[in-house]
Amino acid sequence: MLRHVIHKQVNKRLLPTSLLAASRLFLTANNYGFRHTHSNSTPNPHPHPHPHPQSSQQRSTPSTMDPKGTVIFTSVGRPQYGFDIFTVNLNQTPTTEHCLTDGISINFNAQFADEDQSIVYISERSGSPRIYITSPTQSKPEQLPSAPNSLFHDRPTIKNNRLYFISAHEQPDQPFKSWSALYSIDLHGKRDIVRLSPYGVVDYSPAISKSGKFVAVASYGSRPWEGDFHELKTDIVVFPASDPNNRFVVCEKGGWPTWSGDSTIFFHRQADDGWWSIFRVEFPENPLEFSGFPVVPRRVTPPGLHCFTAAAFHDGKRIAAATRRRGKSYRHIEIFDLESKVFHPVTDVINPTFHHYNPFVSSDSNLIGYHKFRGESTQGERRVPHLDPVVSPIKDLRMLRANGSFPSFSPHGDLVALNPGLDENGGVRVVNSDGSKQWTLIKARTAFYNSWSPVEKHVIYTSLGPIFESVKATVQIARMTFDPLDLNRDLEEIPCDVKMLTSENTGNNAFPSCSPDGKTLVFRSGRSGHKNLYILDAVHGEFNGGIRKLTDGPWIDTMPSWSPKGDLIAFSSNMHNPDNVEAFSIYVIKPDGSDLRRIYVAGPEGSSEVDRERINHVCFSPDGEWLLFTSNIGGVMSEPVSWPNQFQPYGDLYVVRVDGSGLRRLTWNAYENGTPTWHPGGELDMGRLWLGNEFGVKLSGEFDEPLWITCDFD
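Predicted model only: the values in this text are computed from it and were never measured.

**Here we look at the overall build of the protein**
Then comes step 1: Check the secondary structure of the protein and you find two helices and 51 strands.
Then comes step 2: Counting all 714 residues of the protein, 61% fall into the buried class.
Then comes step 3: Residue pairs in contact within the protein that sit at least 24 positions apart in sequence constitute 55% of those at least 6 positions apart.

As structure tokens, then:
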């Protein structure tokens, strides 16, 4: 059946009156002198841009009502990426690679910008993903204009002096929808930003045809996100660059399009036999006159290996793809000859033990590029800082990414306890809050979810045992004590006493949070056969009767946080639907077990949206007025198969007032962000952070491929 995605069908019908009014507003940039445009002020070649409603979650103006202070969180795998962009000249033997970026932060998702080997790419050197351009003759990269107030950009490409990119600065029309949409800027004109995706439509992974006349995207359309993650339910959509309203679904089910000429598109999808493969669709060079869409694609790469994120050569004879093969632990770039059906390895002969991602090719087909961990052979950053600044959307709220999980501040905020890993190689470490030094308290032991006593600098609580296990698994709440004077000595490992506060035969006890007076803990235990909350004596533990039950039911209550005021305990639970172990919401309860209530985040009580919430890692602000948490309500920012492993699309950090009002989004990226905590006092002095190559831990490039991609089938 012909499926046209026409702007006329999704524009005003989806926009309520308030959003239509908001779409008239200009968003003036403060850096580059460009602006958003509406339909009466659009320059050619895009006469019909889509309206731009004002987002309620963009970078805020100062307000006494905004949350303040400093937040620390972690992003799965991200600290060890160390990505730089490399190219290989296919006409040279032996094969060698050349690094095009400078080793600062991470650099990824590049495209050649012109014939002099310039590349346009994404870098996080400024604290969020932004667009840069560099060439072999430049001493440092140049930041390109992009969307003002946007903290996420992806997949930039330049064609005919026009920059195309994905941004996420406009809030969609409903929760559980990604903010990702396609925009463009004329680099030689007024630099007006034009939204090419209809409002309410989610687009990923843009590609521009050889002539620049057509644009292809992997589009989720205007429907809400369905919870898919391993393979997004996107279609390949094409539209003329001069008429973005006229959209055609050229092929159903596919992602990461790449053009060969103006009438052939290659893309990836997971085939029915389980292998990710590259497919091809062909159509007339003037698709506007073609009535046969969607086209049934032809499979290009054979079963027996995974192929994704292809890049087509414009000679029409080859494609490059990232591959995963049986017996190989690493993702590599290979060239597939479309005529002989033979693969030719590129990176396996250069860096056999590194992962390589997202190839791109030059217009003359002589160069192939990709990004990977920079390794020891290139210049640049060699260490991962203990604490790394991240741009915040709220003026008076500072954000830091920790190299470790479950951070917890000491009473005065001068130290941070965290877990360097969540397996048997993990433990507990303490880091100066300026990132200058760290010490080990426990090593070579699985520990998680730390809680520093609010009144004792020398006491930290943690969970010892395997994480995310059944109610019967042995996990214990431990009280660690150490001498703070040891932190002033020249020691890397600090002696500490570890006292178990729970009985070994009581099953899974985890996620402690200390009361403001330091006398009691709230934690989660599976001792009854269900994971509920208990209150525990913080010194003597459950021995001598020092324990009582706080919640009780055949559901999961987890990850509690005690308010600094002492009046409330917040936690995540699925008690509203115990049969669904994928959906959790925020609940608060008084320490005496009274006044249990649910905080509705994604929508009002009774709405279908609130029962889709997956909210975890809840904690209070220092004044007890705000809740900080991680959630899935923003959907997915980019195609997960193009990234290293992320376990789930909890995705991003949010804050909301304890009464359920004032929801604000804090992060926009392709990572799983989580385990946040709030500095107990005033904001940290970000200018005092120690970020040089002599601080932090060695950058090793140790991260996982997606664990859900397997070669273990016929």
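**Focus: the sheet that holds strand β49 (residues 664-665)**
Then comes step 1: One open sheet accounts for four strands, arranged β46-β47-β48-β49; its pairing is antiparallel. Every interior strand has two partners, whereas the edge strands, β46 (615-620) and β49, have only one.
Then comes step 2: Of the strand pairs in this sheet, β46 and strand β47 (residues 626-631) are connected by four bridges, and their pairing is antiparallel. Within β47, the residue paired with N616 across the bridge is T630.

**Points about the sheet that holds strand β22 (residues 318-325)**
Then comes step 1: Taken in spatial order, the four strands line up as β21-β22-β23-β24 in an open sheet, and their pairing is antiparallel. Because the sheet does not close on itself, it has two edges, and the strands there are β21 (305-312) and β24 (343-345). Between one strand axis and the next, the sheet turns by 35° as a mean value, whatever way the strands run.

**Overview of the nonpolar core**
Then comes step 1: F83, I158 and L163 are the most contacted members of the largest nonpolar core, which has 28 residues in total.
Then comes step 2: Contributions of two or more residues to this core are made by β6 (119-123), β7 (130-134), β10 (162-167) and β11 (181-186).
Then comes step 3: Grouped together as the second largest cluster of nonpolar side chains are 25 residues, Y204, Y220, F229 and I633 included.

**Regarding unusual backbone geometry**
Then comes step 1: That bond from F293 to P294 is cis: its omega, -5°, falls within 30 degrees of zero.
Then comes step 2: Within the fold, P294 resides in the loop between β19 (276-282) and β20 (298-299).
Then comes step 3: Positive phi outside glycine occurs at T309, with the angle close to 45°.

**Focus: the pattern of salt bridges**
Then comes step 1: As enumerated under the stated definition, the model contains 31 salt bridges in all.
Then comes step 2: Connected via shared salt-bridge partners are R223, E226 and K233.

**Side note on the confidence of the model for the protein**
Then comes step 1: Looking at the protein as a whole, its pLDDT mean stands at 88, while 90% of the residues score no less than 70.
Then comes step 2: Note on residues 1-63: pLDDT under 50 across the span, and 155 contacts to partners over four residues away in sequence or across chains.

**Let's talk about the environment of H153**
Then comes step 1: Within the secondary structure, H153 sits in strand β9 (residues 153-159).
Then comes step 2: Given the relative accessible area of 0%, H153 is considered buried.
Then comes step 3: When the C-alpha positions of H153 and I122 are compared, they lie 7.2 Å apart, and in sequence the two are 31 residues distant.
Then comes step 4: When neighbours within four sequence positions are excluded, H153 is seen to be in contact with I122, P129, R130, I131, S146, A147, F165, I166 and S167.
Then comes step 5: A polar contact is formed between the side chain of H153 and the backbone nitrogen of A147, at a distance of 3.5 Å.

**Thoughts on the environment of S123**
Then comes step 1: With respect to the helices and strands, the residue S123 is situated in strand β6.
Then comes step 2: S123 sits in the buried class, given a relative accessible area of 0%.
Then comes step 3: If near-sequence neighbours (up to four positions away) are discounted, S123 is found in contact with I104, I106, N107, S128, P129, R130 and Y132.
Then comes step 4: Here the side chain of S123 touches I106 through a polar contact of 3.4 Å, landing on its backbone oxygen.

**Some points on the pairing of strand β26 (residues 367-373)**
In summary, the side chains of a regular strand alternate between the two faces of the sheet.
Then comes step 1: With seven of its seven residues buried, β26 lies for the most part within the structure.
Then comes step 2: Sheet analysis places strand β3 (residues 83-89) next to β26, joined by seven bridges and oriented antiparallel. Bridge pairing links V88 to I368 in β26.
Then comes step 3: Where strand β25 (residues 356-361) hands over to β26, the hairpin turn is made up of five residues, of which S365 adopts a positive phi near 65°.

**A word on the environment of S146**
Then comes step 1: Topologically, S146 is positioned in the loop between β8 (142-143) and β9.
Then comes step 2: Counting along the chain gives 45 residues from S146 to R191, while the straight-line C-alpha distance between them is 9.0 Å.
Then comes step 3: Within the structure, the side chain of S146 is placed 3.3 Å from the side chain of H153, a separation counted as a polar contact.

**Let's talk about the pairing of β47**
Then comes step 1: Judged by how many residues are buried, β47 sits mostly within the fold: six of six residues are covered.
Then comes step 2: With burial as the criterion, each face of β47 is covered, one bearing W626, L628 and T630 and the other bearing L627, F629 and S631.
Then comes step 3: Here β46 folds back onto β47, and the loop between the two strands holds five residues, one of which, G624, carries a positive phi near 75°.
Then comes step 4: As judged from the six bridges shared by β47 and strand β48 (residues 652-657), these two strands associate in the antiparallel manner. When the sheet's bridge partners are listed, S631 is paired in β48 with D652.

**A closer look at the packing of aromatic side chains**
Then comes step 1: Per the counting criterion, the structure on display carries 31 aromatic pairs.
Then comes step 2: With a centroid separation of 5.8 Å and an interplanar angle of 55°, the aromatic rings of F83 and Y357 are classed as tilted. Taken together, the residues span a long stretch of sequence, with F83 in strand β3 and Y357 in strand β25 at a distance of 274 residues.
Then comes step 3: Judged by centre distance (6.0 Å) and plane angle (20°), the rings of F571 and Y587 are stacked. Here Y587 lies in strand β44 (residues 585-589) and F571 lies in strand β43 (residues 569-573), a separation of 16 residues in the sequence.
Then comes step 4: Put simply, the rings of Y81, F83, F108, Y357, W643, Y671 and F703 pair up and form one aromatic cluster.
Then comes step 5: Between R155 and the ring centre of W256, over which it is positioned, the NZ or CZ distance is 3.7 Å.

Definitions and limits used
- Residues numbered from 1 in each chain as written.
- Predicted model: local features only at pLDDT ≥ 70, side-chain atom pairs only at ≥ 80, totals over all residues.
- Heavy atoms only, no water.
- Helix = DSSP H or I, 4+ residues; strand = E, 2+ residues; numbered from the N terminus.
- Buried < 20%, exposed > 50% of the residue type's maximum accessible area, 1.4 Å probe, protein only.
- Contact = heavy atoms within 4.5 Å.
- Pairing = 2+ DSSP bridges.
- Axes fitted to C-alpha atoms, helices over the stretch in contact; angles between N-to-C directions.
- Core = buried A, V, L, I, M, F, W, Y, C linked by side-chain atoms within 4.5 Å.
- Salt bridge = Lys/Arg side-chain N within 4 Å of Asp/Glu carboxyl O.
- pLDDT = per-residue confidence, 0-100.
- Polar contact = N/O pair within 3.5 Å; in protein donor to acceptor, adjacent residues only side chain to side chain.
- Phe/Tyr/Trp six-rings, centres within 6.5 Å; stacked < 30°, edge-to-face > 60°.
- Lys NZ or Arg CZ within 6 Å of the ring centre and 35° of its normal.

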